[in-house]
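Descriptive analysis of the structure
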Amino acid sequence: MRIEYKKNLNESFMILKDAEYSYENYELLMLLNNRIPGCLEVQIIISDGKIEYWYEITGMSSLDTLSELHNNIEASCIRRVIEDLYDTNQNLREYLLDGMNICYLPEMIYLDRSTGRYRFCYLPGGHKNGDLRLQGLMEYILTKIDHTDREAVRMGYDLYEKSTQECCSVRELLHCVNLPQKKEAVKTDIQTDIEEKKENMQREVNSRHEEKHGGRKVISELKKHLFGGGERKADKSGKTVYGEVLRQLAETDYVAEEYQTETPTVLLNLEKQLVISSLIYSGNGHEKDFLLEEEVFLIGKDPKKVQGVIGSASISRVHARIIRKNGDYYIEDLNSTNGTFVNGQELAYRQAIVLEKNDRILFADEEYIFC
């Protein structure tokens, strides 16, 4: 099976080729003659005697693209995916269709930006392709979850474990994401307590041994008392009392020994400077130029999600991105409503091309020059 993308006027399509699996005839009729809530709308195109499935994805963002843009998948996203998956399975049953034929590749699951709900790709006979199964999606989520988000971690592992079981139902997955959040375990480990005390003591020693004018520490004297060369104090049992030594040192102003080296360390390849490119606005409005400093530079009209904000109403919230890789700049349209054009050529969704100096770029109807 191959996935391609195409844009016709203002409509975007995900095209499945070489995906001819055996199925019941009524499945295709149900899919073509009904708009099933939660499913991507599909058309059938016969090309060179082979069936192509054209799924409309206008105004949508795939799950894998979203995880790349946000660097991870949060608990709220996981819950939304599973709840929408459950609802879609319920809708399919009303049309006598089997939810096992949903394709679970993250690039085939789409967030409808107009509704905030996820939509799924139903492929007649698709359950025969092992790469499209539910377990693969759960594995993907595990690799993308925010591991500082305890709820997301709990959901991810519960979902994966459940997906590995035979006859796993979507209702069981729904139970995994709707469990009440577990309370954080109280730390009672002795080693943890010791480490915390050590850190607190270290911070106290550091702060008390810095000079007011220069911040130099009592390195040489501390080494002398603790590791030899100075008189050690002991209690009645004969054990060295390091706490008393530290106390006395804290009350005494010492100056750290200056360490000099004849040959200073030199940063390798210092002479190799990175050249930062830019986008120069050349339209008729009042938009700003962009300096492409980040490795991934997002362009759109939502200032909370992008680095390059274009205020025009024709621009999508997250319209396109420019990626810097090995000194080259690649531009990619993110399934925007009004498209991205380079020198008059419209980019298909996920089509990344290398930018050259003086390339003319249109984000919808706003023009920039790549410099």
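These figures come from a predicted structure and were not determined experimentally. (Residues numbered from 1 in each chain as written. Predicted model: local features only at pLDDT ≥ 70, side-chain atom pairs only at ≥ 80, totals over all residues. Heavy atoms only, no water.)

Read across the open sheet, the 4 strands follow the order β1-β2-β4-β3; overall the sheet is antiparallel. Since the sheet does not close on itself, it has two edges, and those belong to β1 (2-8) and β3 (42-47), each with one partner. When strand polarity is set aside, the average angle formed by the axes of neighbouring strands in this sheet is 30°. The sheet strands contacting helix α1 (residues 25-33) are β3 and β4 (50-56), and the helix crosses β3 at an angle near 120°. (Pairing = 2+ DSSP bridges. Helix = DSSP H or I, 4+ residues; strand = E, 2+ residues; numbered from the N terminus. Axes fitted to C-alpha atoms, helices over the stretch in contact; angles between N-to-C directions. Contact = heavy atoms within 4.5 Å.)

Take the nonpolar core next. When a protein is soluble and globular, its nonpolar side chains tend to lie buried together. Of all hydrophobic cores here, the largest spans 57 residues; its most connected members are Met 14, Tyr 55, Ile 78, Tyr 118 and Leu 123. Looking at which element gives the most residues to this core, the answer is helix α3 (residues 75-94), with 8 residues. Membership of the second largest hydrophobic core comes to 21 residues, among which are Ala 320, Tyr 329, Leu 355 and Ala 364. (Core = buried A, V, L, I, M, F, W, Y, C linked by side-chain atoms within 4.5 Å. Buried < 20%, exposed > 50% of the residue type's maximum accessible area, 1.4 Å probe, protein only.)

We now examine the pairing of strand β13 (residues 320-325). In this sheet, β13 lies alongside strand β11 (residues 296-300) in antiparallel orientation, the contact comprising 4 bridges. Among the inter-strand pairings, Val 296 is bridged to a residue of β13, identified as Ile 323. Across 6 bridges, the pairing between β13 and strand β14 (residues 328-333) is antiparallel. Following the sheet pairing, Ala 320 is matched in β14 by Asp 333. With antiparallel pairing between neighbouring strands as the criterion, β13 and β14 make up a hairpin whose turn holds 2 residues, including Asn 326 at a positive phi of roughly 55°.

The next thing to look at is the pattern of salt bridges. Enumeration according to the criterion identifies 17 salt bridges in this entry. A salt bridge links Arg 2 to Glu 4; the shortest N-O distance between them is 2.8 Å. (Salt bridge = Lys/Arg side-chain N within 4 Å of Asp/Glu carboxyl O.)

Here β14 pairs with strand β17 (residues 352-354) via 3 bridges, running antiparallel. In the sheet register, Glu 332 faces β17, and the bridge partner there is Ala 352.

Relative to the helices and strands, Gln 165 resides in the loop between α5 (150-163) and α6 (170-177). Sequence separation between Gln 165 and Gln 135 is 30 residues, and the spatial gap between their C-alpha atoms is 9.4 Å.

To continue, consider the environment of Gln 307. In this fold, Gln 307 is placed in the loop between β11 and β12 (308-309). Spatially, the C-alpha atom of Gln 307 lies 9.7 Å from that of Leu 291, the residues being 16 residues apart in sequence. Discounting residues that sit within four places of it in the chain, Gln 307 has contacts with Glu 294, Val 296, Phe 297 and Leu 298.

In this model, Asn 326 sits at a positive phi of 55°, which is unusual for a non-glycine residue. For Asn 326, the location among the structural elements is in the loop between β13 and β14. With a phi close to 70°, Arg 350 is a non-glycine residue in the positive phi region. With respect to the helices, strands and loops of the structure, Arg 350 is situated in the loop between β16 (345-346) and β17.

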